[in-house]
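Breakdown of the fold
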Amino acid sequence: MSSRLAHVHPFHVMAILARAQQLAAAGHDVIHMEVGEPDFPTPAPIVEAGRQALADGKTFYTPALGIPALREAIAAFYQQRYGVTVSPRRIAVTTGASGALLLTLSALLAAGDSVLLPDPTYPCNRHLVSLLDAEPLSVAVGPDTQYQLNAQHIAAHWQANTVAAMIASPANPTGTLISPTELAALYGAVKAQGRQLIVDEIYHGLTYGMDATTALACADDIWVINSFSKYFQMTGWRLGWLVIPEAYIDAVERVAQNVFLSAPTPAQYAALAAFTPQTIALLEERRQVFHQRRDVLLAAFSEIGFRFPTQPQGAFYAYADVSDLCDNSATLAANLLEHTHVALTPGKDFGQHGATQHLRLAYTCDEARIRQAAARIGEYLQRQR
Ligand SMILES: Cc1ncc(COP(=O)(O)O)c(C=O)c1O
């Protein structure tokens, strides 16, 4: 086995998920708030376009960067939604944001380089950097910066071998955004080092009471990652995209040709139906549902002693400080699963900073289930006192 796998860790939540499935198989009513995917099915127009693509024999490889019609549709989406002009040449259609992250890091990193990341963060980012024999440099972030990296972090933590800084907005596990002003300062600090900024916008569209601005409105040489998984509710179709800075199009195309050949063909044709007014109207209704769930969750869990140091504004996660309730959030998560049958994700999946004090709650189940989860946990905590 490759020695680099020493730095590629499994998700701890998978153990929670496996135990939750065992409990469910034994007849228990498990409430799933650990899963990082929407509970809604893919919108019908997208499914229908996928079905049609299969019927039409769209089962062959496509160009490595995707079918031209989808690259154009994504570029048009930037114009419509954000008023930002992006050439379709700069769009790479990928196997989810995961594929886009791998292409980006493969195009930028050499062995021995390093990448600045916030802690907590989406854990795969660290692991992908390690897979490329580079070093993830985690910077502890907290509610004071909305759990985001800022220009001061860049100045304080940048090393001679650092080639990029990487953030997500809205972020996983915290659901927090970086403001356009902070992003401009962050970009300025990274460019002062002459290096690259990567912004993962996978949770765009899932923001509540506000719209997010794409990082491309700040500068067109930022690497922007997005996906059909979350807002478009297509996790299993494995489709996402990357907006490539002009100077790197050939580099990314070469990596894509070698690593993936192309993204899934039926999924690419299906995604052409993702931007129609009919689909967007449905997605916007579902966004309102997530908004209400977030509010219900924050109220119900605050009442039982979970603390939310900052209001999550996007994604479908809340990152709760449970240090008033336990010494170790991983033990608490395991106990809650056993005794209340509510599955939550321990902070240690997302890094080390404050990891034992936090749990991630995903509002990927309906309001009634969220209330039920809080009630069960509240009773359990009472019994422990
Ligand atoms: C921040 C972030 N980036 C990327 C991904 C990967 O998503 P996908 O490959 O399904 O597009 C996820 C999945 O949860 C995520 O939370």
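Residues numbered from 1 in each chain as written. Predicted model: local features only at pLDDT ≥ 70, side-chain atom pairs only at ≥ 80, totals over all residues. Heavy atoms only, no water.

Time to look at the site of the ligand. Neighbouring the ligand are 13 residues; Ala 97, Ser 98, Asp 200, Ser 227 and Ser 229 lie closest to it. Here an oxygen atom of the ligand sits 2.9 Å away from a polar atom, N or O, in the side chain of Asn 172. A distance of 2.6 Å separates a nitrogen atom of the ligand from a polar side-chain atom of Asp 200. Considered on its own, the ligand offers 400 Å² of accessible surface; in the complex 92% of this is hidden by protein. By residue number, the principal contributor to the shell around the ligand is helix 4 (residues 96-108), which donates four residues. Partitioned by chemical class, the residues of the shell around the ligand number five nonpolar, five polar and three charged. (Near = heavy atom within 4 Å. Polar contact = N/O pair within 3.5 Å; in protein donor to acceptor, adjacent residues only side chain to side chain. Areas by Shrake-Rupley, 256 points an atom, 1.4 Å probe, with all protein chains shown as cover. Helix = DSSP H or I, 4+ residues; strand = E, 2+ residues; numbered from the N terminus. Nonpolar A, V, L, I, M, F, W, Y, C, P; charged D, E, K, R; others polar.)

What follows covers the sheet that holds strand 4 (residues 135-140). The strand order across the open sheet built from seven strands is 2-8-7-6-5-3-4, with neighbouring strands paired in mixed fashion. Pairing within the sheet leaves two strands with one partner each, and these edge strands are strand 2 (91-94) and strand 4. Ignoring strand direction, the axes of neighbouring strands in this sheet form an average angle of 25°. As paired strands, strand 5 (residues 162-168) and strand 6 (residues 196-200) are joined by five bridges and run parallel to one another. From the neighbouring strand, Met 166 faces strand 6, where its bridge partner is Ile 198. Helix 5 (residues 123-131) rests against strand 3 (114-119), strand 4 and strand 5 of the sheet, and its axis sits at about 150° to strand 4. (Pairing = 2+ DSSP bridges. Axes fitted to C-alpha atoms, helices over the stretch in contact; angles between N-to-C directions. Contact = heavy atoms within 4.5 Å.)

Moving on to the nonpolar core. If you look at the biggest cluster of nonpolar residues, it comprises 127 residues, and the most contacted ones within it are Met 33, Tyr 78, Phe 228, Phe 232, Leu 297, Phe 301 and Phe 306. Tallying contributions element by element places helix 10 (residues 277-303) first for this core, with eight residues. A domain-level breakdown of this core finds at least three residues from each of domain 1 (3-41 + 279-384) and domain 2 (45-274). The residues touching Phe 232, leaving out its near neighbours within four places in the chain, are Pro 43, Ile 46, Phe 77, Ser 227, Trp 241, Ala 274, Phe 275, Ile 280 and Leu 283. (Core = buried A, V, L, I, M, F, W, Y, C linked by side-chain atoms within 4.5 Å. Buried < 20%, exposed > 50% of the residue type's maximum accessible area, 1.4 Å probe, protein only. Domains from an automatic or database assignment.)

Spatial ordering of the open sheet is given by 9-12-11, a layout of three strands whose pairing is antiparallel. Every interior strand has two partners, whereas the edge strands, strand 9 (317-321) and strand 11 (345-346), have only one. Across five bridges, the pairing between strand 9 and strand 12 (residues 358-362) is antiparallel. Along strand 12, the bridge assignment pairs Tyr 319 with Arg 360.

Enumeration over the complete set of coordinates arrives at 15 salt bridges. A salt bridge links Asp 29 to Arg 369, with the shortest nitrogen-to-oxygen separation between them at 2.8 Å. Taken together, the residues Asp 29 in the loop between helix 1 (12-25) and strand 1 (31-32) and Arg 369 in helix 12 (residues 367-384) connect sequence positions 340 residues apart. Given a relative accessible area of 38%, Asp 29 falls into the partly exposed group. Here Arg 293 makes a salt bridge to Asp 39, at a shortest N to O gap of 2.9 Å. Placement of Arg 293 in helix 10 and of Asp 39 in the loop between strand 1 and helix 2 (44-55) is noted, with a sequence separation of 254 residues between them. Since its relative accessible area comes to 38%, Asp 39 is described here as partly exposed. The structure contains a network of salt bridges with shared partners spanning Arg 81, Asp 211, Glu 284 and Arg 287. (Salt bridge = Lys/Arg side-chain N within 4 Å of Asp/Glu carboxyl O.)

Of note, Gln 148 is situated in the loop between strand 4 and helix 6 (151-157). Relative accessible area serves as the criterion here: at 2%, Gln 148 is assigned to the buried category. The sequence separation of Gln 148 and Thr 59 amounts to 89 residues, and the corresponding C-alpha distance is 41 Å. Apart from residues lying up to four places away in sequence, Gln 148 is in contact with Val 141, His 153, Ile 167, Ala 168, Ser 169, Ala 171, Thr 176, Leu 177 and Ile 178.

Looking at the element boundaries, Arg 81 is found in helix 3 (residues 68-82). Distance from Arg 81 to Asp 211, taken between C-alpha atoms, is 9.6 Å for residues 130 residues apart in sequence. Among all residues touching Arg 81, those that are not within four sequence positions of it are Gly 205, Tyr 231, Ile 280 and Glu 284. Of the polar contacts made by the side chain of Arg 81, one reaches the side chain of Tyr 231; its length is 3.0 Å.

Attention now goes to the domain arrangement of the protein. Taken as a whole, the protein is organised into domain 1 (3-41 + 279-384) and domain 2 (45-274). Taking the mean C-alpha position of each, domain 1 and domain 2 sit 25 Å from one another. Each partner contributes to the interface: domain 1 provides 38 residues, whereas domain 2 provides 43 residues. Of the roughly 3400 Å² buried where domain 1 meets domain 2, counting both sides, 57% is carbon and sulfur surface. (Buried area = accessible area lost by both parts, 1.4 Å probe.)

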